[in-house]
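One letter stands for each residue in the lines below.
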There are 2 protein chains.
Amino acid sequence: MDMRKLMCPKSLVVVGATDKPGMTGNGTRSAVKGTNKDHVYYVSLKRDEVLGRKCYHSLAELPEVPECMLLLTPAKTVAGYLEEAGKMGIGAAVVIASGFSEERTEEAHRMAKEVEDVCNKYDIALCGPNCVGIVNALDGVVQGTHDLEKLVDGGIAVVAQSGYLTGGFRQPNADQLAYVVSAGNSSVCSVEDYMCWFADDDRVTVISAYLEGVKKPERLVYALETAAKKRKPVVILKAGESAKGSFAAASHTGSLAGNYATYQAIFKKFGVVACKTAQEWATTSRMFSVLRGKLPEKLGICGLNFSGGENTQFADNCERYGIDIPEFDQSTVEKLRAVLPSYSTPANPLDATTTLFSETEKVRTLFTAISEDPNIGIISLGNDMGANSEPKDITCVKLMTELRAEGKLLPTVISPTWEKPRHADFINQLENAGIPLVGIGDQGFKCIRHLLDFAAYKYDEHTLELALPAKELAEGKLSLSEAQSKAELTPYGVRVPGQALAKDAAEVDAALAKVPFPVVMKVESPDILHKTDAGAVKLNINTKEDALKAFDEIMANCKAYKADARIDGVMIQEMVPNGVEIILGINNDKMFGPMLLAGLGGVFTEVFKDASLLPCPISKKEAGEMLKDLKGYKLLTGYRGSKPCDIDALTDLMVKVSEYAVEHKNDVAEMDMNPVFVYEEGKGVCVTDALIVKRV
Amino acid sequence: MDMRKLMCPKSLVVVGATDKPGMTGNGTRSAVKGTNKDHVYYVSLKRDEVLGRKCYHSLAELPEVPECMLLLTPAKTVAGYLEEAGKMGIGAAVVIASGFSEERTEEAHRMAKEVEDVCNKYDIALCGPNCVGIVNALDGVVQGTHDLEKLVDGGIAVVAQSGYLTGGFRQPNADQLAYVVSAGNSSVCSVEDYMCWFADDDRVTVISAYLEGVKKPERLVYALETAAKKRKPVVILKAGESAKGSFAAASHTGSLAGNYATYQAIFKKFGVVACKTAQEWATTSRMFSVLRGKLPEKLGICGLNFSGGENTQFADNCERYGIDIPEFDQSTVEKLRAVLPSYSTPANPLDATTTLFSETEKVRTLFTAISEDPNIGIISLGNDMGANSEPKDITCVKLMTELRAEGKLLPTVISPTWEKPRHADFINQLENAGIPLVGIGDQGFKCIRHLLDFAAYKYDEHTLELALPAKELAEGKLSLSEAQSKAELTPYGVRVPGQALAKDAAEVDAALAKVPFPVVMKVESPDILHKTDAGAVKLNINTKEDALKAFDEIMANCKAYKADARIDGVMIQEMVPNGVEIILGINNDKMFGPMLLAGLGGVFTEVFKDASLLPCPISKKEAGEMLKDLKGYKLLTGYRGSKPCDIDALTDLMVKVSEYAVEHKNDVAEMDMNPVFVYEEGKGVCVTDALIVKRV
């Protein structure tokens, strides 16, 4: 299908054209406001003219084959029109009508299927059904029912499956929009298709998406990879954190690596700006758009406030969001001291005092001094920019816009403390100068956190790919035994404790040749479950002589314990020392492929939910970052006098596990290595237990 | 001092009266708008008349001794006027001038001290200096420089040390205010004094405070206790979470129980609504005021939204804030099914559909059905109430106000998703009906969380007191030995492992009489540090014979290891089994007294910061709640097949430790029990190590 015909059609037919108020009327009116208006045609069964334009009575009458069809007619007519359009060679369509898969009737689902089938048959790029369509402000074309006042060519391209969220996003961001797409039921084109289009269009500076689910993982990957490499922010509000409860108490990887967590892990890899609430999503998108690519080059913030109370709020909020407030450099302190009143201390965050702001030149010094500080990368101005302009606001607006134009001002955001009507003119001037207003209170610091994370993300430190599995996967599951599981991993260079079975005393010697001392010996018997009770386990054996003695004792003890037990022999295992316990796991997501989970052993992962997740393939660098993301990372770096762990060996292991998982993306369902012992630096790691579940 | 003369003076003198614009002019004008205006007098050195009123030239000339003095004159004149006022018997004063302790000059600090001394000498209740004074809207009196348009008698009494935060709070809440107090430098009357006044005044329905620090802990306790018993919400924004970093990595109790955490622990005990940001503080206060004491009786919420996207946002936000969304009862489902359109499922959260809202009677059924559901205690209506009223908004406002008046509507809040201009009329009608608008997006769910917590708090389940220490405490610190520390605790019924010293073999028998088998024996010697290396530790000794043998072996080994070592004997210790490790600690706050800390042992407390804190005395019920607050609580209730721990014995121990701490509030500085072993149910606990630091 040709997305271009959908996103930027040179010609359009509006079927069901009307001048009535409401959705269909809006659609009819908006269509002829576009730059393609000379190639916009109306079709109506009943009317000869709408809005002073000729109405055709059928598609067949049209003077040209339009590239796109906007269908304003009821659900039951849709498949028929699409069939006709397809035959004619119309390559794209927007269907507004609801009454398809979102309804719970058989008839509605049948119609939905029919629509999908027709589009697939003729390769029609379909937007909808059950949507409000598309606005392309960059090229000035509209095929949708938005009631548009004006088309501006902003930088944000937004797509949402929910009309409510598209609408809510659109309203405050009207002046910043490049595209608005209401994807509706996404029968054919889904959110990820539109994201690809946005990623490719270099006029788009910010991609914003509300995502319920993805159907085409390869398209999501393409969009995210392309955007990451172009340093274009992708701001996503992902629905369904609660429904999945992916970090619920269950211990095995499958349930830890639930759906929402999977998406978040993918987002992390590609540097997506992942938002949690609608307003955060809209405000963060706008922030990036207003900044126009100007990003902090350092991660330290300067808080510039006008009261002690505000300073305290600023510091508390920064702490909450992990934002660093560096001390001012001595040179900055001196420059500030020269202009600040005696009762203000030149410290960060700074109480700049309202008094100072009556003296413009001093304020200029203030801003430039901060902008020149070697440790500061961003300024947060604590200012409500309320509707009743204050003298300090006037000074701020004047100077900041001037300094920004002169290139003398660091990236700066306005962080209001209070929700209140703002001074529209001031906000406008500031935004035009590239200075955004972030959210209120701590919401603003979430925005700043997003900005800093985006600025710090380096795409070349990540493997910008996923090991997407085949579309059709075997449904059966087969658990391998511990020995089988370990045998799968050893070819990848994974170290597991050695073991060998001695069926009788004569085989002990041969078994010992395969397993280094010290060893553990235990009976191999399906009939003896409580081996310790039976006296069938011997620890810490260091010589052949002791091993032979242990063999005989185990045999004798077992006979005494249960005379009729089947005894297959004695398993001789390498006795590995304890190390710091780590859990590694793979959950092979049916859509996105293997996801590596890393956590500290046992209770930490299971009770404290301290685990990190990233899609495979994993680079060594990414493996290191995953470990650093653990709250208990300190346990690996040397805690309370214990030596630092062999993180190098552990990240090597993670890469090997990822390699295994990528090669087996179609036949491994899940995998657990629990525990992995990590020893002190230079002493490596050992996978003491492993369980692989195959798809068969 | 008499707070009444400050908060509700029957007569007032304004010194420095002026008709100029600005602060002093505002103060002059506002003073005569009060109900006490016939007893308001102006004093001015230069003027004979201000605002058409006679001006006196000195306090001495006044026709009566006013109860309060509002001082609008500069800092350097303040002490003089206060001295004169004190002599005359004026019992209260408000000082606006800045230039005292907030400045960093010696002169300013000298003046501040002088002001404080004069007030103390004459027992003057002083507000300020460096403040904007007091508005008492309930009685219609003003002694401050607020530029007031009207006085309404709302329910919120607010006090803040920061003028910026008082102002910011006041603006959006102007129609809900009972008192506004800007406490300024709080030289005499501090935030906690005003809170006491608010707690006692039954016309005040919500107490709101911005708190930087407290000077009079007994006053804070009085205010919180009184409010808790009256079920009056106390909404506090506490500054300084970051500065203290109280949960920083350090392991010992003192640093875990830092200052911010201490306040939060006190707040928890008294059911204070503790906010983190200014807007949250203002909005939550307003919510409580608008609700007028109508609280949810059940903790389940019903989300009533108008789109699938909004429903998802609702569920995700509820999960984030731990808000329970119960399934509808079958009876509710049936009632809803009768009115909802076919494409909407009667599930919670509910997509109520905009269509439905054109039929008022059906909407009535909807609201009453939900209000009658046995598991729902509160309704959240997802509605922006935007300035462009929508038909559904009109229906909502009409029906909700009607039903609320009829007593048929559960406590209901409006939770908007988007920041936008609201429909002032609708908001007004709803608020008048007791239906508040909470914050935007997740901020709204923070408000709801606060509401549910407040509704669930039961003051009679808490010890509403603190063990406040003496004002003057010894500055020295003395660490007791482990044995001394344990000896302090045993009289309180705290179980510690038994031990006894055998100086020679002849004493072994006597020592064994005091310590039950099995025992551990180790050399007691200041010269042998690595006891295990020296062969000077013997574990798991079960008979007298073995004990004597071990004694001899230890002696011989020590002699061989270090011939000239001083040997004091062999310590015979009860060998207690391992249990689940718990840390208990006391940090005796100099202001608020002993705070009990409870955490899971070692890494959990130190790396994962999983600890709870509560001021002593602790009831058994509170001890249980402290344990439930731990993220790792599951480890105590039986984890992965292990048996549940003896929580009864552990909470008993916590109460005993609290009793010890309360009795020693003036002489114990801190205390650590690490680890405490908790055994399975019925098997008790054992304090294996203890360290007490005394104040001397």
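Residues numbered from 1 in each chain as written. Chains lettered and ligands numbered in written order. Predicted model: local features only at pLDDT ≥ 70, side-chain atom pairs only at ≥ 80, totals over all residues. Heavy atoms only, no water.

## Describing the interface of chain B and chain A
Contact residues are listed per partner, giving 61 residues for chain B and 61 residues for chain A. For the pair chain B and chain A, the summed buried surface comes to about 5,200 Å²; carbon and sulfur atoms form 52% of the total. For the chain B face of the interface with chain A, the top three residues by lost area are Tyr 164, Trp 418 and Phe 608 of chain B, together amounting to 15%. One salt bridge in this structure joins Lys 446 of chain A and Asp 442 of chain B, with 2.8 Å as the shortest N-O distance. Here chain B and chain A share 17 residue pairs in polar contact (both at pLDDT 80 or more) between them. Those elements that place two or more of their residues in the side of chain B that touches chain A are helix 5 (163–170), strand 13 (234–238), helix 8 (241–244), helix 11 (278–291), helix 12 (308–320), helix 17 (442–456), helix 21 (603–606) and helix 23 (634–637) of chain B. Considering every element that reaches the side of chain B that touches chain A, the biggest residue donor is helix 12 of chain B, with nine residues. Residues of the side of chain B that touches chain A, tallied by class, amount to 21 nonpolar, 19 polar and 21 charged. (Contact = heavy atoms within 4.5 Å. Buried area = accessible area lost by both parts, 1.4 Å probe. Salt bridge = Lys/Arg side-chain N within 4 Å of Asp/Glu carboxyl O. Polar contact = N/O pair within 3.5 Å; in protein donor to acceptor, adjacent residues only side chain to side chain. Helix = DSSP H or I, 4+ residues; strand = E, 2+ residues; numbered from the N terminus. Nonpolar A, V, L, I, M, F, W, Y, C, P; charged D, E, K, R; others polar.)

## Looking at the relation of the copies chain B and chain A
Taken as rigid bodies, chain B and chain A are interconverted by a rotation of 180° and an axial shift of 0.0 Å, the fit giving an RMSD of 0.1 Å. Expressed as an axis order, the relation between the two copies is that of a two-fold axis. Mapped onto chain A, 100% of the interface residues of chain B are again interface residues, and the two copies thus contact each other with one and the same surface. (Least-squares fit on C-alpha atoms with pLDDT ≥ 70 in both.)

## Thoughts on the pairing of strand 10 (residues 156–160) of chain A
Residue and element names in this part refer to chain A. In terms of burial, strand 10 is largely enclosed, as five of its five residues are buried. The alternating pattern of strand 10 places Ile 156, Val 158 and Ala 160 on one face and Ala 157 and Val 159 on the opposite face, and all of these are buried. Bridging between strand 10 and strand 11 (residues 177–182) involves five bridges; their strand directions are parallel. Bridged to Val 158 within strand 11 is Val 180. Where the polypeptide runs from strand 10 across helix 5 (residues 163–173) and back to strand 11, its parallel neighbour, the crossover connection is right-handed. Here five bridges tie strand 10 to strand 12 (residues 206–211), and the two strands are oriented parallel to one another. Bridge assignment links Val 159 to a residue of strand 12, and that residue is Ala 209. (Buried < 20%, exposed > 50% of the residue type's maximum accessible area, 1.4 Å probe, protein only. Pairing = 2+ DSSP bridges. Right-handed = clockwise from strand over helix to strand, strands pointing away.)

## Thoughts on the pattern of salt bridges
One side chain can pair with another of opposite charge once the charged atoms of both are near each other. Scanning the entire structure with this criterion turns up 87 salt bridges over all chains. Between Lys 694 of chain A and Asp 667 of chain A there is a salt bridge, and its shortest N-O distance comes to 3.1 Å. Pair noted here: Lys 694 of chain A is in strand 29 (residues 690–695) and Asp 667 of chain A is in the loop between helix 24 (647–663) and strand 27 (668–678), with a separation of 27 residues, a long-range link. Accessibility expressed as a relative area gives 24% for Asp 667 of chain A, which makes it partly exposed. Close ionic contact of Glu 83 of chain B with Lys 87 of chain B constitutes a salt bridge, the shortest N to O distance being 3.8 Å. Taken together, the residues span about one helical turn, with Glu 83 of chain B and Lys 87 of chain B both in helix 3 (residues 75–88) at a distance of four residues.

## What to know about the state of the cysteines
Residues and elements named next belong to chain B. Under the defined criterion, the tally for this structure stands at zero disulfides over all chains. Cysteine Cys 396 shares no disulfide, and the gap to the nearest cysteine sulfur, in Cys 302, comes to 12 Å. The class for Cys 396 is buried, based on a relative accessible area of 0%. (Disulfide = S-S within 2.5 Å.)

## Focus on the domain arrangement of chain A
Residue and element names in this part refer to chain A. Under the domain assignment, chain A is made up of domain 1 (3–239), domain 2 (294–456) and domain 3 (498–574). Computed over C-alpha atoms only, the centres of domain 1 and domain 2 are separated by 41 Å. The interface of domain 1 with domain 2 comprises five residues on the first partner and four residues on the second. For the domain 1 and domain 2 pair, buried surface summed over both sides reaches about 300 Å², with 47% attributable to carbon and sulfur atoms. (Domains from an automatic or database assignment.)

## Considering the environment of Gly 535 of chain B
Residue and element names in this part refer to chain B. Within the secondary structure layout, Gly 535 lies in the loop between strand 21 (519–524) and strand 22 (537–541). Measuring from C-alpha to C-alpha, the distance between Gly 535 and Glu 622 comes to 46 Å, with 87 residues separating the pair along the chain. For Gly 535, the contacting residues outside a window of four places in its chain are Ile 554 and Asn 557.

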